[in-house]
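Examining the three-dimensional arrangement
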Number of protein chains: 2
Amino acid sequence: MPSIDEVAARAGVSTATVSRALRGRSGVSPETRDRVLAIADDMGYVASSSAAGLATGRNMAIGVLVPVVHRWFFASAIEGVDRQLRARGYDLDLYSLGGHGTNRERVFHRSMLRKRIDGLVVLCMALTDDELAALHALEQPVIVVGGPVEGCRHISIDDRAALRDATEHLIGLGHERIVHLAGGGSFGIDFSVPRLRAAGFEDAMTAAGLPVGPASTLFGDYEARTSKDVVARALAGDPAQRPTGVVASSDEMAFGALLAAAEAGLRVPEDVSVIGVDDHDFSEVFGLTTIRQDPIAAGERAAGLLLAALEKDAAVPIDQPATEPHELVVRRSTGRAPVLAGAAQGAGSGSGSGERAARGPIDRTGSRIPSRPVGAGLSRTRSRA
Amino acid sequence: MPSIDEVAARAGVSTATVSRALRGRSGVSPETRDRVLAIADDMGYVASSSAAGLATGRNMAIGVLVPVVHRWFFASAIEGVDRQLRARGYDLDLYSLGGHGTNRERVFHRSMLRKRIDGLVVLCMALTDDELAALHALEQPVIVVGGPVEGCRHISIDDRAALRDATEHLIGLGHERIVHLAGGGSFGIDFSVPRLRAAGFEDAMTAAGLPVGPASTLFGDYEARTSKDVVARALAGDPAQRPTGVVASSDEMAFGALLAAAEAGLRVPEDVSVIGVDDHDFSEVFGLTTIRQDPIAAGERAAGLLLAALEKDAAVPIDQPATEPHELVVRRSTGRAPVLAGAAQGAGSGSGSGERAARGPIDRTGSRIPSRPVGAGLSRTRSRA
DNA sequence: TTGTACGCGTTATCAA
DNA sequence: TTGATAACGCGTACAA
């Protein structure tokens, strides 16, 4: 509440000295420094951000642009960014597009231009060309977490490899009729992450000589609800034809798949295996096998790189690759493919199923969390009344 | 990027006129106004927040203080606050305490005092006395969403009534051995919401003449994981003794209960009923009966009240009650209490169970979402191989 | 209706 | 090591 003059007056020095002392600048004798600090602290003085910002050109704040906040990935990444920022004395301004809304316009052409922030972290979003131009017009360092954005450095897992690994996990367990439960770009805007993940799925399938067709993709739209419905439909068919493995592009979608299986009376993993991507907060309780990523760490790292660039007064170098690790976490939702007598296969050519099935469960990366002896999966038959 | 002088120069007027025109002040001829607006827009001019803030004392930004962002309630409330703020041209500064950390100190004694914000929305938190004092020292309007905070107006559901309703729903279905799956204050700091909810549970139980003892409370700590473990233990006992109904103080905990039941081989709701509080994003897919609340709406409303106070240049009036609605949403996780031959009851006195059970399922509030004919619950016996 | 000039609270430059 | 003082970019009385 007090201003710097009041502190200066009480300390019997000039405002310049107070400023220097408080900011740890050199050129202040230890005695006056300590005295000023004590007095400022006593008076509860904190420099006004607006005034300091005006004078220095730095706001000690960075913006975080998100499509929505209440999804696991975004909420976690925000948490990570915040952690790094707070530790380094920066504030965080949140720009949420909150669904479709008209606030996109306001955010891009007003809020972000008010010079309240020194840099921007963009979380995994689909952007229009216009918005992309607005970003660059910011003339501030920008870094992206989650998906490639043209002209910006981005931090993310190798989405393609992630889905390849997930798919290979099921293939290694002998599965052949595998479907990909895919997400999609929201807002009808083109976005590359879903495509990369789909490509990873196809990589693994074709490499194993397994058929990939239109029927091998289910569209879950990154939602548990939608996923449940679409998987339920896929599971309803002929046992000899229906998929024995589901590779979901996100854990939320995998949850939907799990519930669909349970309601269809199918056992997991005996009848159908499900693997996701994320390692969502709920995945462990669900016993969901998944490809783990850590958005909190990614957020921290992104903010760290941004701040580094800021201190050098430069743009975030775009050249260096910045791939976050992902790892397979084996839990209870995946297991050996069921052996069906006389199972007819779609259009498959190639390698006999026997060979693959014979390999048995392989935890290539090793399971981070020891597979617990918890007897049943989700849909286990009841054993008592 | 351009400053107001450049706009003024290009428009051939003074900076004062530009300022007036841009802010919609009177005293500018329509022609010059339009011309200035056009030019400003063309140049992409946006007033610097620091400079404007310094000059006016208003920052057009409000702070949101949260314990963590990646929980459903907080993420949703943030979304709501953001929506309201953005619509009214305000920015949102996020202050996350991110778990325990030392940043509590930094947030309260540094960030929040930098005069970047005009008001504060506090999301459901346990605060130390010191922190509470810091809040009041802000001398800015403050409003709380979620739980009562001394000296601040707060927006929340009637937590006690909510749990009473939840419990009565189970009682109405004939349940007698009901446990409360409770949350707790984090950080070891006293917090009233868990207490209010526990009280609501006890209200309903005692009103129905049902016994409430230490054994009727399980501590789930607001986590699915913990809840699953503790419920699993409670469900493991003698079928004639174990609870037939679980009232969870949050949906996340209810999910844990659901999974525990499934893994124990119990059917929901035939063997055990589960009801939660929240109507979490996943609750519908889970078929979870719950007491719905809408944190997005609460956030919007809170921000609205805060802005209203701001415009009157006053504190948020603390007197007016501001209770958000809650409602019972009946889905598939609750049903009639199982009838057990020779079931022994704990310490129960009073009213015969027959009478209550005879009443059958009652949807007092009516189910918002029509109970779907989806055959099975989570743990249904498989019907096909 | 428009322009001039001062103040907002800090930081930074330059002398002392 | 310190202290005046001029920016920083904008809003707004006040004067024109």
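Up top is the structure.
Re the protein's contact with DNA strand D
- By nearness alone, 27 residues border DNA strand D, and A:S14, A:T17, A:R20, B:I4 and B:Y45 come closest of all.
- The sugar and phosphate moieties of DNA strand D supply 71% of its atoms located within 4 Å of the protein.
- A distance of 2.9 Å separates a base nitrogen of DNA strand D from a polar atom in the side chain of A:R20.
- A distance of 3.2 Å separates a phosphate oxygen of DNA strand D from a polar atom in the backbone of A:S29.
- The set of elements that each furnish at least two residues to the surface near DNA strand D consists of α2 (15-22) and α4 (49-56) of chain A together with α2 (15-22) and α4 (49-56) of chain B.
- Tallying contributions element by element places α4(B) first for the surface near DNA strand D, with five residues.
- In terms of residue class, the surface near DNA strand D is built from 13 nonpolar, ten polar and four charged.

Some points on a negative patch on the surface
- A surface patch of like charges, here negative, comprises A:E105, A:D129, A:D130 and A:E150.
- For A:D129, a relative accessible area of 67% corresponds to the exposed category.

Re the sheet that holds strand β3 (residues 120-123) of chain A
- If you trace the twelve strands from one edge of the open sheet to the other, you get β11(A)-β5(A)-β4(A)-β3(A)-β1(A)-β2(A)-β2(B)-β1(B)-β3(B)-β4(B)-β5(B)-β11(B), paired in mixed fashion. Two strands close off the open sheet at either side, each with one partner strand: β11 (323-324) of chain A together with β11 (323-324) of chain B.
- Alignment of strand β1 (residues 61-66) of chain B against strand β3 (residues 120-123) of chain B, held across three bridges, turns out to be parallel. Bridge pairing in β3(B) links B:G63 to B:L120.

Here we look at the nonpolar core
- Within the largest apolar cluster, 122 residues are counted, with the highest numbers of intra-cluster contacts made by A:V64 and B:V64.
- Once you skip the residues sitting within four places of it in the chain, B:V64 turns out to touch B:I78, B:V81, B:L92, B:D93, B:L94, B:Y95, B:L120, B:V121 and B:L123.

Focus: the sheet that holds strand β6 (residues 178-182) of chain B
Residues and elements named next belong to chain B.
- Spatially, six strands are ordered β7-β6-β8-β9-β10-β12 in an open sheet, and the strand pairing comes out mixed. Two strands bound the open sheet, and with one partner strand each, they are β7 (217-219) and β12 (327-329). The average undirected angle you get between the axes of adjacent strands in this sheet is 20 degrees.
- Sheet topology places β6 next to strand β8 (residues 245-248); four bridges connect them, and they run parallel. Counted as the bridge partner of H180 is V247 from β8.
- Strands β6 and β7 of the sheet are contacted by helix α10 (residues 224-235), whose axis makes an angle of about 145 degrees with β7.

Considering the relation of the copies chain A and chain B
- Mapping chain A onto chain B calls for a screw motion: a turn of 180 degrees about the axis and a shift of 0.0 Å along it, with 0.1 Å RMSD after fitting. Such a combination of turn and shift is consistent with a two-fold rotation axis.
- By residue overlap, the copies meet face to face through one surface: 100% of the interface positions of chain A are interface positions in chain B.

Quick word on the pairing of strand β4 (residues 142-145) of chain B
All names here are of chain B.
- By the alternation rule, side chains of β4 split into V142 and V144 and I143 and V145, which are all buried.
- Across four bridges, β3 lies against β4 in parallel orientation. Following the sheet pairing, V121 is matched in β4 by I143.
- Handedness of the β3-helix α7 (residues 129-137)-β4 crossover: right-handed.
- The sheet contact formed by β4 and strand β5 (residues 153-157) spans three bridges and is parallel. Bridging from a neighbouring strand, V144 pairs with H154 of β5.

Here is what the cut-offs are and how they apply
Residues numbered from 1 in each chain as written. Chains lettered and ligands numbered in written order. Predicted model: local features only at pLDDT ≥ 70, side-chain atom pairs only at ≥ 80, totals over all residues. Heavy atoms only, no water. Near = heavy atom within 4 Å. Polar contact = N/O pair within 3.5 Å; in protein donor to acceptor, adjacent residues only side chain to side chain. Helix = DSSP H or I, 4+ residues; strand = E, 2+ residues; numbered from the N terminus. Nonpolar A, V, L, I, M, F, W, Y, C, P; charged D, E, K, R; others polar. Patch = residues over 30% accessible without salt bridge, like charges linked within 9 Å, V, L, I, M, F, W, Y side chains within 5 Å. Areas by Shrake-Rupley, 256 points an atom, 1.4 Å probe, with all protein chains shown as cover. Salt bridge = Lys/Arg side-chain N within 4 Å of Asp/Glu carboxyl O. Lys, Arg positive; Asp, Glu negative; His and termini not counted. Charge placed at Lys NZ, Arg CZ, Asp CG, Glu CD. Buried < 20%, exposed > 50% of the residue type's maximum accessible area, 1.4 Å probe, protein only. Pairing = 2+ DSSP bridges. Core = buried A, V, L, I, M, F, W, Y, C linked by side-chain atoms within 4.5 Å. Contact = heavy atoms within 4.5 Å. Axes fitted to C-alpha atoms, helices over the stretch in contact; angles between N-to-C directions. Least-squares fit on C-alpha atoms with pLDDT ≥ 70 in both. Right-handed = clockwise from strand over helix to strand, strands pointing away.

Read these as spatial facts, not as claims about activity.
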